[in-house]
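Architecture at a glance
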Amino acid sequence: MSRYRTALDLRAIGSFVVPQAPPWYKDAACLQVGHDLFFGPASDLPPEQRETTEEKVAREARARAMCGGCPVRPQCHTYIHGFPIGDQVGIWAGTDQDERRVERRKYQRKTAAQRRAEGTAR
């Protein structure tokens, strides 16, 4: 038996809300594989069933490689940034939650600097 929970299991226990899939999702490379590769096992499993650091690194490398060749990667990147940062778990568009958090901070700093520059130029 796999230590990974299926999407049906997660919906049944209410672990997270699965939104309606956007139209571009039908062309996503991950659709052919399933979510286990991109989200990993549940974090509330007993210690002996949890993913090791080495397993996580290898799994995420496989997920990132799949994202690298995905035809809808730009749409996926835009889509995941539409969610609150706490809801952005897993690998999306080849990035993990921490990488997306850094991207968001850089974007916020850039726009704040632009606003300050516009305010002084007026």
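Think of each chain on its own: its residues are numbered from 1, step by step along the sequence as written. Two thresholds apply to this predicted model, a pLDDT of at least 70 for residue-level local features and 80 or more for giving and counting side-chain atom pairs, whereas whole-chain, interface and lining totals are computed over all residues. Side-chain metrics rest on all non-hydrogen atoms present in the structure, leaving aside hydrogens and water.

**Some remarks on the overall build of the protein chain**
Secondary structure summary: the protein chain contains five helices and zero strands in total. Going along the chain from the N terminus, every DSSP run of H or I of four or more residues is numbered as a helix, and every run of E of two or more is numbered as a strand. Listing each helix as α and each strand as β along the protein chain from the N terminus yields α-α-α-α-α. The contact rule is simple, with two residues in contact once any of their heavy atoms fall within 4.5 Å. Across the protein chain, the fraction of contacts at a sequence separation of at least 24, relative to all contacts at a separation of at least 6, is 54%. All accessibility values rest on the Shrake-Rupley procedure with a 1.4 Å probe; residue burial counts only the protein chains present in the view. Only carbon and sulfur atoms are counted for the fraction: they give 56% of the accessible area of the protein chain, which is about 8600 Å².

**Quick notes on the pattern of salt bridges**
One side chain can pair with another of opposite charge once the charged atoms of both are near each other. When a carboxyl oxygen of Asp or Glu lies within 4 Å of a side-chain nitrogen of Lys or Arg, that pair is called a salt bridge. Taken as a whole and assessed by the stated rule, the structure comprises seven salt bridges. Measuring nitrogen to oxygen at the nearest pair gives 2.6 Å for the salt bridge that ties arginine 59 to glutamate 51. In this structure, the salt-bridge partner of aspartate 96 is arginine 64, at a minimum N-O distance of 3.1 Å. Taken as a pair, aspartate 96 in the loop between helix H4 (73–80) and helix H5 (97–121) and arginine 64 in helix H3 (residues 53–68) lie far apart in primary sequence, 32 residues in all. Take aspartate 96: its relative accessible area is 17%, and that puts it in the buried class. Here's how the labels work: a residue is buried when its accessible area is under 20% of the maximum for its type, exposed when over 50%, partly exposed in between, all with a 1.4 Å probe on protein chains only.

**Side note on the state of the cysteines**
By definition, disulfides here are pairs of cysteine sulfur atoms that lie within 2.5 Å. Inspection of every chain in the model, using the stated rule, returns zero disulfides. The thiol sulfur of cysteine 67 is not disulfide-bonded, and the nearest other cysteine sulfur, from cysteine 76, lies at 6.2 Å. Residue classification places cysteine 67 among the buried residues on the basis of a relative accessible area of 9%.

**A look at the nonpolar core**
Among the nonpolar cores identified, the biggest contains eight residues, and these are Trp24, Ala28, Cys70, Val72, Cys76, Ile80, Trp92 and Ala93. If sequence neighbours within four positions are ignored, cysteine 76 has contacts with Trp24, Trp92 and Ala93. The next biggest cluster of nonpolar side chains, apart from the first, holds five residues, and it includes Leu37, Phe38, Ala63 and Ile91. Only buried residues count toward a nonpolar core, which is a set of Ala, Val, Leu, Ile, Met, Phe, Trp, Tyr and Cys residues joined through side-chain atoms within 4.5 Å.

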